[in-house]
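# Chains, contacts and geometry: an overview
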Amino acid sequence: MTTPHQTRATSSPDPRPAATAVALLLAAAVAGGFIRQSTTPDGPHSHSRTGPRKGTTLHKRPLGRTGLEVSPIAIGGAAFTYVHETTGWNPLTEEGAAVVLDTLNACLDQGINYIDTAQAYGDGYSETLIGRVMKHRREDCVLASKAWFHLDAAGIEESVHDSLRRLQTDHLDILQIHGRMFTPEDVDHVLTGGPLKALVKLREQGKIGHIGITTDEPYTVISFLEHEDIEVYQIAYNLIYQGAARHFLPQAAEAGVGIVTMRTMTSGIFQREAGFLAPEWETAHSLYDAALKFVLSDSRIHSGIVGMRWPQEVRENVRIVEGFQPKADFAEMPRVTFGVYKAEDEGAPNGAGL
């Protein structure tokens with residue numbers, strides 16, 4: 001897009017009193033506020049485009065120092081390549097692909113302006129579906145894709161050109177180095193083995209706007225913060241995976257980079273495990289809602305990626321985002337036992353502590 005473009009949730013009724021200490025902790029997370037990812041489709045085969053809901057304007061956030069502004073939630077393209085028979089989700093069929101297009105249009109109609117995908121999602125299938133919408137609505141969004149970190153310079157350039165073709169656009173707003181957990185050798189390869197050099201070249205050619213990097217283990221990308229060419233970091237950070245709050249996030253915020261979360265809803269892991277450990281939690285309050293509100297209660301996070309499949313999920317998430325006001329900034333939450341005790345003893349209004 002020629003003009004760069006940047007999640008939160010409404011409170012549900014107060015959860016029922018928890019019977020255990022763990023449940024109380026969950027209730028605290030819920031109080032901080034996020035989004036529900038429904039498991040029920042709009043209908044068996046929802047094909048109709050969702051028109052803009054009158055008055056829907058999601059506020060936008062600056063994505064670090066990039067100059068882009070993004071919605072608090074983003075739509076992730078990985079879900080467009082997974083089959084989930086239990087819920088009747090199959091984007092690999094003609095009917096399922098049509099639903100994906102409806103969902104993408106619903107996001108753009110309702111103010112979700114950040115779309116994240118990758119060549120690795122279905123070997124380009126996700127990009128191809130998104131491209132069918134981008135052909136007509138490219139200016140409505142911030143578009144981000146990825147190229148694998150292990151490629152050399154020529155491989156990166158080829159991957160990006162293939163992504164541009166599938167996405168039916170001449171430029172990407174963000175191209176991310178697609179990684180998982182970076183070893184020192186991986187870091188060296190990215191910086192000196194061709195990937196970063198190739199992306200800088202593509203940026204100079206106007207084919208990408210900004211360079212980013214993705215990781216499942218945020219600690220392993222801290223060293224990249226010294227390199228100003230890398231401006232956007234997509235990290236695993238959620239209600240059950242909070243290590244980044246102790247190391248990466250404070251340094252990233254100081255560096256002024258854009259921060260986006262993957263696995264925002266815990267990839268369904270927390271919800272599934274809670275179903276075995278404490279099934280009554282879901283009755284008290286949506287665990288998806290709590291997971292999303294956790295991420296968006298942290299002021300250091302600019303957007304949280306959510307895998308939305310049906311237009312109904314888009315509408316539910318937007319409703320939550322529109323009315324959500326965090327009761328505390330989770331960037332200031334205590335992260336060690338001593339800090340929790342100190343915050344409680346001093347009556348810190350926002351639970352702030354060490």
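Whatever comes next refers back to the structure up there.
Residues numbered from 1 in each chain as written. Predicted model: local features only at pLDDT ≥ 70, side-chain atom pairs only at ≥ 80, totals over all residues. Heavy atoms only, no water.

Once that is clear, we can look at the packing of helix α8 (residues 269-277) against helix α10 (residues 287-296). The N-to-C vectors of α8 and α10 enclose an angle of 135°; their axes lie 9 Å apart at closest approach. Here α10 runs oblique to α8, going by the angle between their axes. Along this stretch, α8 crosses α10, giving a crossing that reads as right-handed. Every residue of α10 that contacts α8 at F270, Q271 and A274 is listed here: L287, Y288 and A291. Taken together, the residues of the contact of α8 with α10 sort by class into 5 nonpolar, 1 polar and no charged. (Axes fitted to C-alpha atoms, helices over the stretch in contact; angles between N-to-C directions. Helix = DSSP H or I, 4+ residues; strand = E, 2+ residues; numbered from the N terminus. Parallel < 35°, antiparallel > 145°, perpendicular 65-115°, else oblique. Left-handed = near helix turned anticlockwise from the far one by under 90°. Contact = heavy atoms within 4.5 Å. Nonpolar A, V, L, I, M, F, W, Y, C, P; charged D, E, K, R; others polar.)

So, on to the pattern of salt bridges. Considering all chains together, one arrives at 14 salt bridges under this definition. In this structure, D109 engages R137 in a salt bridge whose closest nitrogen and oxygen atoms are separated by 2.9 Å. Here the residue D109 occupies a position in helix α2 (residues 94-109), and R137 occupies one in helix α3 (residues 125-137), the gap between them amounting to 28 residues. Of the two residues, D109 and R137, both sit in the buried class. K146 is paired through a salt bridge with D116; the nearest N and O atoms lie 2.6 Å apart. With K146 in strand β5 (residues 142-148) and D116 in strand β4 (residues 114-116), the pair connects residues that are 30 residues apart, well separated along the chain. (Salt bridge = Lys/Arg side-chain N within 4 Å of Asp/Glu carboxyl O. Buried < 20%, exposed > 50% of the residue type's maximum accessible area, 1.4 Å probe, protein only.)

This part takes up the packing of helix α4 (residues 153-167) against helix α6 (residues 195-204). For the pair α4 and α6, the least separation of the axes is 8 Å and the interaxial angle reads 45°. Between α4 and α6, the interaxial angle falls into the category oblique. The handedness of the crossing between α4 and α6 comes out as right-handed. Here A153, I156, E157, V160 and H161 of α4 come into contact with α6, specifically with P195, A198, L199, K201 and L202. Of the residues assigned to the contact of α4 with α6, the class counts are 7 nonpolar, 1 polar and 2 charged.

A word on the environment of E69. For E69, the position within the fold is in strand β2 (residues 69-70). Residues E69 and C141, 72 residues apart in the sequence, show an inter-C-alpha distance of 9.8 Å.

The element strand β9 (residues 258-262) is largely enclosed, with a buried count of 5 among its 5 residues. Here β9 shows no split at all, with G258, V260 and M262 on one side and I259 and T261 on the other all buried. Pairing geometry for strand β8 (residues 230-236) and β9, over 5 bridges, is parallel. Bridge assignment links A236 to a residue of β9, and that residue is M262. Each parallel crossover has a hand, and the one from β8 via helix α7 (residues 248-255) to β9 is right-handed. (Pairing = 2+ DSSP bridges. Right-handed = clockwise from strand over helix to strand, strands pointing away.)

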